[in-house]
Structures are given as C-alpha cells and as structure tokens.
Amino acid sequence: MSALAVQALGAAADAVEHHLPALVTDQVASRLFARDATLWGPDAESEAAIRLSWVGLPRSSRPLVGEIEALAEELRERGVDRVVLCGMGGSSLAPEVITGTAGVPLVVLDSSDPDMVRGALEEDLAGTAVVVSSKSGSTLETDSQRRAFVHAFTEAGIDPTERIVIVTDPGSPLDEQARADGYRVVNADPEVGGRYSALTAFGLLPSGLAGVDVGALLDEAEEVADLLAEDDEANPGLRLGAALAGTEPLRDKLLFTDAGSGIVGLADWAEQLIAESTGKQGTGVLPVVAPEGPSPTHGIQDTSDCTVVVLAPEDDEGEGSSAHADADSVVEVSGSLGAQLLLWEVATAVAGRLLGINPFDQPDVESAKKAAREIMEGGADAAGAPVLTDGAVEVRTGGGGWLPEGTDSLDGAVAALLDQLDPTRGYLAVMVYLDRLEQADLAEVQAELVERTGRPVTFGWGPRFLHSTGQYHKGGPAQGVYLQVTGAPQTDLDVPGKDFTFGEFIAAQAAGDAAVLADHERPVLRLHLTDQAAGLTQLREAL
C-alpha cells in the first residue's frame, strides 16, 4: 500500500479538527468520487458536471500505457532521443514534475520568449520529437510554438507529421485540423480540466515518450484512490483540504518548502492547481514556493496569515513538520508522486467547497488572454510611453496614481511600489517575461525581496504563470502589489504563417496582464529592459 500521510500542527490542526466531522457527515469524499456536481453549490454545478472525470483516471487512463509504449518505440526507430513539450499551465507543469522526479530529460517549452523558443528549435532537430498539448486546441502560445516547429522540421527536410504528436480534446479545432493534415493525435478526456489533467494524456504522453514508466505512476495513484474516496476522518484528502482552506481567520498564504520529498517541482505544480482553482470572487489561498533558506518563514515579519506546507519524504514520520515548529500553522504531506497527484487534486476540490467557490473555472485567465488579443489586433504599441527611463530600464505603471509625482529613478519607482504593500496581509508578485532557462538565476531576488519587505513574495516566469497564479492575482483578495519585468529580445523571431513575431506576442501578453491588474485596481510597476545585460544589472541593484 502506498504510504500517504497528512499531518497538521497549530492552526492547521485546528482547521482539520473543526471541519472534518462535517466533511465526513456530508459524504464529501464519496460524493466527489461519484462525480456529484452539486458539491460546490448551484453556481458551479454546470461546470463541475463536465470536470470530474479526473477522479477515475488511475483506472480509465490504463489504455494509454500500451499506446505510449508503441509510439515511443516507433520514434526511437526514427532516431528520436529528445522530446520537446509545447504546452502551457496544466499541460506542461505535470510532465515537468513527472519527468524531473524520474530523472529523464524533457524540454518544456512553455514560453513565447523568442530567445527561449529559438533555443528549443536549434538544438538537435534531427533527434527531436515534439508533443503539442492544448486542451482547447486554440491556445495561442501553443499554436505559435507548433508553427515554429513545423517550419523548422520542413526547412530541415524532416516530415513534421512523423515527429509531431498532438494531444487535445476530441473535436477541438486542433484535433480536426491536425487529423486532416496527417498528424498523430491522442485525445484526452474532455471532462477533465487542464490543471487536473496530470494523469490524462496531457501528463502521461510526453512523460512516457521521454522514458517514464507511466504504468507505475498510475499504480501509485490507484493504490490510494479508495482511501481518498472514503468518508472517514483518516482520509488524507479531506484532512489536507481542511488544513489548506479551513483556518479561521483564513491563513491565505501557503508557504511551500521541500524537506527532501524526492519529488522534483511538486510545489510548482501544486501552486498552479491551487492558485488557479481557488483565487476568485475575492477569496482563495495563495501558494508561495518559498525560496531556499533556513526556513520558509525566514524574513516574514508577521506570519499570522501563513501556513507552512512541508513536502516530506515518504518515510518521514512527522519529522519534517517538527522541524518547522517555529511556525504556528504547519501541514506536512508525504507520499509517492502518483498518490500525491491525486491527493492534491482532491484537497483542492475540498478547499473550493470550504471557500464557497467553483474550483473548476478560471475567469480571470480568460480576461488576460482577451486583453492580449485586443492589444495585438489593435496593432498599437503594447507598452505605451514610459513615465521615466533610467539607464537601460524604461519604467511604466498600470495607472492608478500610486506613483508619486516627481519620481525620477528606478530605485524611487521600486520603493514607491513596495510602499503600497500591506505589512500584515500583503504579498509581492514578481512576474518576469524573459528566457527562464537563460536567466534562471534572477529568481534569487525572491529571497532578497522577502528580507526587504518582510512579506511573502512569489516569483513567476511569464507567460507560464498566467495559467497559474495569474488567476489569483486578479480574482483573489486585493492584497498584492505587482512587479513586472520585460526585456527586448536578443533577436526577434517570426511566428510562421502569422503577421506577428514572438517578441510582439510576449509583449502583448505582458501588457494585457498589466492592463487587467490595473482594471482591478492592483498596483503594478512595469520595468522594460531595453538592453537585457545592462538592465538586469540595474534591476538587481534596485531590488
């Protein structure tokens, strides 16, 4: 039996004790696994009715195992030893965790940054297969990446239909077009939302092609499915959901720390699942993947709105949570990867019920996409005029009048943004639209900003965070201040068959996101690096 454990201390334990009896009495677990769409109230019922197939995936995804093995063998015979995944949000984060944990290489292209796209295109095309994943079949980032690979394969004299595999919902625009064009298409279960899709073709196909034993992953999930479906106070899904969303008053910052779980990137996957599912109607819980350091609470001056989430090894026996006894609300989670994928999905659905929201929609993700499209269709300068330029950094705001008149430097603008931060409930979101592989060390500013502000700080790479914390930023409580970083690409790249470039696209995505934040009266400071090397040096000094 796969060990799956959830242990809570302090306020999180009080939440578990308070909410468990009602969750058991109301038969939330068994109703969830019976796909009862009424669990989240009448407003959520129509959406929930077509979003609950994920509870059965450990069994219903079994036919994929043989199909993936056969396709992997076929690609190996064609000389393929490198797999690239083009996908966003739930389509990319689960395979990243699954392959990272198994220690097999997978190139995850979840960016519109022209430098990052070019890097993926130029490396060993002859040995590359590409998985293009889009549930709706209309995701613009994924369509642009697909076009770039079709063009690159064709230019190299390689038949793209032999190297590109499409994963999408049946009947989507991409499904119909790809089949007509002769591509291999694998359909995912249409009644599973993107962020709950780890155990569908979206999570399993790219992972399996890269070399993961996906049958074993399904075994791990299936071993705990009956446990998670039980109306019992020992149910770890009910316990975790109550600990995450049942504290009173609500501790809406979840500080994730990995205490040697052996699961690579689990916090990043859980961040997307929880933030996009719960951050709406002015409520929600914000997962914060804490920077490495002595403690996830290090530098945070007031932790009364925080719960520490410890991702512990399977045989931990509660030692991880005791190591964080300095925090007054802790929940420790341990278990195999397959078991935890299902556990966190159950807990997020339970958290949605406790918060009184629909955990299956993402209204503010759509609003940012719409704003980006309007900017591109308008052909206008996505950025608008800067309020000031300091060296290689152009400074803009989203409006709102929070920047004091007379501010004339980058340092002054950053200080003015941080002055907007609520010292007891606020958080800072750093949103960076650059090549996340090339500029990975920029993430180090997160820890420095926690020290400087005394508050939790999230760090997200754009545009991938738009399908994750981007929903919470706009739909959750109005507590955040937002620092956006964009940069002029080293060399722009055309999107084949379209009248825009990747550089223009990512600029519109950033501008659209800032515009929607400003519409929600969230303070947003936009810093554009006209020269990335010089601008990054200035930025680090200012932060």
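Preceding this section is the structure that the text describes.
All figures in this text were calculated on a predicted structure; none of them were measured in a lab.

Definitions and cut-offs
Residues numbered from 1 in each chain as written. Predicted model: local features only at pLDDT ≥ 70, side-chain atom pairs only at ≥ 80, totals over all residues. Heavy atoms only, no water. Core = buried A, V, L, I, M, F, W, Y, C linked by side-chain atoms within 4.5 Å. Buried < 20%, exposed > 50% of the residue type's maximum accessible area, 1.4 Å probe, protein only. Helix = DSSP H or I, 4+ residues; strand = E, 2+ residues; numbered from the N terminus. Contact = heavy atoms within 4.5 Å. Arc of directions from axis to C-beta. Salt bridge = Lys/Arg side-chain N within 4 Å of Asp/Glu carboxyl O. Pairing = 2+ DSSP bridges. Axes fitted to C-alpha atoms, helices over the stretch in contact; angles between N-to-C directions.

I would appreciate a short explanation of the nonpolar core in the present structure.
Generally speaking, a soluble globular protein has its nonpolar side chains buried in company with each other. With 95 residues, the main nonpolar core has L32, W54, W269 and W344 as its most contacted residues. Of all the elements, helix α15 (residues 337–355) adds the most residues to this core, at 12 residues. Sequence-distant contacts of W269, defined by excluding residues within four places in its chain, comprise L93, A94, V97, R195, A198, Q340, L341, W344 and E345. By size, the runner-up hydrophobic cluster in this structure holds 52 residues, among which are A429, Y482, I506 and L517.

Explanation requested: helix α9 (residues 173–180) in the structure shown.
In an α-helix, one full turn covers 3.6 residues, which means residues spaced three or four apart are oriented alike. What α9 keeps buried is the set L174, D175 and A178. Buried residues along α9 cover an arc of 100° about the axis, so they all sit on one side. Looking at α9, the residues exposed on the side facing more than 90 degrees away from the buried face are P173, E176 and A180. Against the buried residues of α9 lie β4 (128–134), α8 (140–155), β5 (164–168) and β6 (184–187). Just downstream of α9, G182 is the residue with a positive phi angle, here 90°.

Please clarify how the pattern of salt bridges should be interpreted in this entry.
Close approach of charged atoms allows side chains with opposite charge to pair. On inspection of all chains with the given rule, the structure shows 31 salt bridges. Of the charged contacts, one joins K253 and D305 as a salt bridge, the two residues approaching to 2.8 Å between their closest N and O atoms. Remark: D305 occurs in the loop between β8 (286–289) and β9 (306–312) and K253 occurs in strand β7 (residues 253–258); sequence separation between them is 52 residues. The partner of K280 in a salt bridge is D361, with the nearest N and O atoms 2.8 Å apart. Of the two residues, K280 sits in the loop between α13 (266–278) and β8 while D361 sits in the loop between α15 and α16 (363–378), which places them 81 residues apart along the sequence. The class for K280 is buried, based on a relative accessible area of 2%. Using a relative accessible area of 22% as the deciding quantity, one classes D361 as partly exposed. Linked through salt bridges whose partners overlap, the residues forming this network are R59, R62, D219, E222 and D226.

What is the right way to look at the sheet that holds strand β14 (residues 457–461) in this model?
Strands pair in a sheet through their backbones, by hydrogen bonds, and they do so in one of two ways: parallel or antiparallel. Reading across the sheet, the six strands line up as β11-β12-β16-β15-β13-β14 and stay open at both edges, with mixed pairing between neighbours. Every other strand in the sheet has two partners, leaving β11 (388–390) and β14 as the edge strands with one partner each. Direction aside, the axes of adjacent strands within the sheet are offset by 20° on average. Here strand β15 (residues 480–487) runs beside strand β16 (residues 524–529); their pairing, made up of six bridges, is parallel. Paired with T486 across the two strands is H528, which belongs to β16. Against the sheet, helix α21 (residues 532–542) makes contact with β11, β12 (393–397), β15 and β16, and its axis sits at roughly 140° relative to β16, the strand it touches most.

Function cannot be read off these values alone, since they describe shape.
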